[in-house]
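# Notes for the structure review
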Amino acid sequence: FCQINYYHSKGFSKIKGGTMKTKLSVLLLGFLLFFTFAQGAGEKVDSKKIAEGLQKAINNHDAAMMAELYTEDAILVMSGEPEPLRGRKAIEKNHVALFRAFPDMKIEFTLVLESGNYIVFEQIVRGTHKGPFPTPAGDLPATGRKIELQMVWIAKISPEGLIAEDRTYYDTGEFMRQLGLME
């Protein structure tokens, strides 16, 4: 059977303590992950190490460090993007642009779940839009507005402990509202 570890604002834990609603939510998501991604159930990943690496790279605005957490041929699928990013270099370039657009960006993980070779990261992203933000339609000039978004990353981890596939989801409408681009 699968062991579910999760991270919350007080650190990493096994499923114990907390409210019944929290336990049931974590267990339900864990079971969904287990049955969805059972093919990787034999592999053990170090979710704490990966989460700490991601948080350090983003909070220090280090695009090169961020890229090193991915395999050379990693795939990054993001909400609002017409095509996935392919490869470590493309992922690094994406984060250079992101950190330029939001130079004070910080993330806070609110929940990290692992099952087999998959990790689900739920986080809050905060920052101020102070530079051009690349979009499929062209660069969006700085708005000077603050954002606070909830995001979810689903990461498939390679046998080497690197991110091979990253699916990043967030509410693009809420993002646009916070930037003042729609009501």
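Turning our eyes to something else, we now look at the pattern of salt bridges. This structure, assessed with the given rule, holds six salt bridges. Ionic pairing is found between E72 and R88, a salt bridge with its closest N-O pair at 2.8 Å. With E72 in strand 3 (residues 70–78) and R88 in helix 4 (residues 88–101), this residue pair connects regions lying 16 residues apart in the sequence. Residue E72 is classed as exposed on the basis of its relative accessible area, which comes to 56%. Residue R88 is classed as buried on the basis of its relative accessible area of 13%. Through salt bridges with shared partners, one network takes in E68, E72 and R88.

Within the secondary structure, H129 sits in the loop between strand 6 (118–128) and strand 7 (133–135). Residues H129 and F102 lie 27 residues apart in sequence; the distance between their C-alpha atoms is 5.0 Å. Contact partners of H129, with chain neighbours within four places excluded, come to A101, F102, L140, P141, A142, T143, G144, R145 and L179.

Glancing now at the pairing of strand 6. Each regular strand displays side chains that alternate between the two surfaces of the sheet. In terms of burial, strand 6 is a largely internal element, nine of the eleven residues being buried. Where strand 5 (residues 106–115) lies against strand 6, nine bridges are found, and the strand directions are antiparallel. Bridge pairing links F109 to Q123 in strand 6. Between the antiparallel neighbours strand 5 and strand 6 lie two residues, among them G116 with a positive phi of about 60°. Judged from the eleven bridges that link them, strand 6 and strand 9 (residues 146–157) form a sheet pairing that is antiparallel. Its bridge partner being in strand 9, Y118 is matched across the sheet by K156.

Our next topic: the pairing of strand 9. Of the two faces of strand 9, the one holding I147, L149, M151, W153, A155 and I157 is buried and the one holding K146, E148, Q150, V152, I154 and K156 is not buried anywhere. By the bridge criterion, seven bridges tie strand 9 to strand 10 (residues 163–170) in an arrangement that is antiparallel. Across the sheet, the residue bridging to V152 is Y169, located in strand 10.

In this section: the layout of surface pockets. If you add up the space inside the largest pocket, you get close to 610 Å³. Those elements that provide at least two residues to the lining of the largest pocket are strand 3, helix 4, strand 7, strand 9 and strand 10. It is helix 4 that provides the largest number of residues to the lining of the largest pocket, a total of eight residues.

Our focus in this paragraph is the confidence of the model for the protein. For the protein, the mean per-residue pLDDT works out to 83, and 77% of the residues sit at or above 70. When the criterion is pLDDT under 50, residues 12–24 qualifies, and its contacts beyond four places in sequence or with other chains add up to 21 contacts.

Bringing unusual backbone geometry into the picture now. Of note, the phi angle at H61 is positive, near 55°, even though the residue is not glycine. For H61, the location among the structural elements is in the loop between helix 2 (47–59) and helix 3 (63–68).

Tracing the chain through its elements places S47 in helix 2. For S47, a relative accessible area of 3% corresponds to the buried category. One polar contact links S47 to E114, side chain to side chain, over a distance of 2.3 Å.

With that out of the way, let us pick up the packing of aromatic side chains. The full count for this structure, using the stated rule, is seven aromatic pairs. Arranged with centres 5.8 Å apart and planes meeting at 75°, the rings of F102 and F133 form a pair that is edge-to-face. Separated by 31 residues along the polypeptide, F102 in the loop between helix 4 and strand 5 and F133 in strand 7 bring together distant segments of the chain. Taking the centre distance of 5.4 Å and the plane angle of 65° together, the rings of F133 and F175 count as edge-to-face.

Calculation criteria
Residues numbered from 1 in each chain as written. Predicted model: local features only at pLDDT ≥ 70, side-chain atom pairs only at ≥ 80, totals over all residues. Heavy atoms only, no water. Salt bridge = Lys/Arg side-chain N within 4 Å of Asp/Glu carboxyl O. Helix = DSSP H or I, 4+ residues; strand = E, 2+ residues; numbered from the N terminus. Buried < 20%, exposed > 50% of the residue type's maximum accessible area, 1.4 Å probe, protein only. Contact = heavy atoms within 4.5 Å. Pairing = 2+ DSSP bridges. 1 Å grid on protein atoms, 1.4 Å probe; cavity = no way out; pocket = protein on both sides within 12 Å on 5 of 7 lines; lining within 4 Å. Points joined across faces, edges and corners; volume = space filled by probe spheres on them. pLDDT = per-residue confidence, 0-100. Polar contact = N/O pair within 3.5 Å; in protein donor to acceptor, adjacent residues only side chain to side chain. Phe/Tyr/Trp six-rings, centres within 6.5 Å; stacked < 30°, edge-to-face > 60°.

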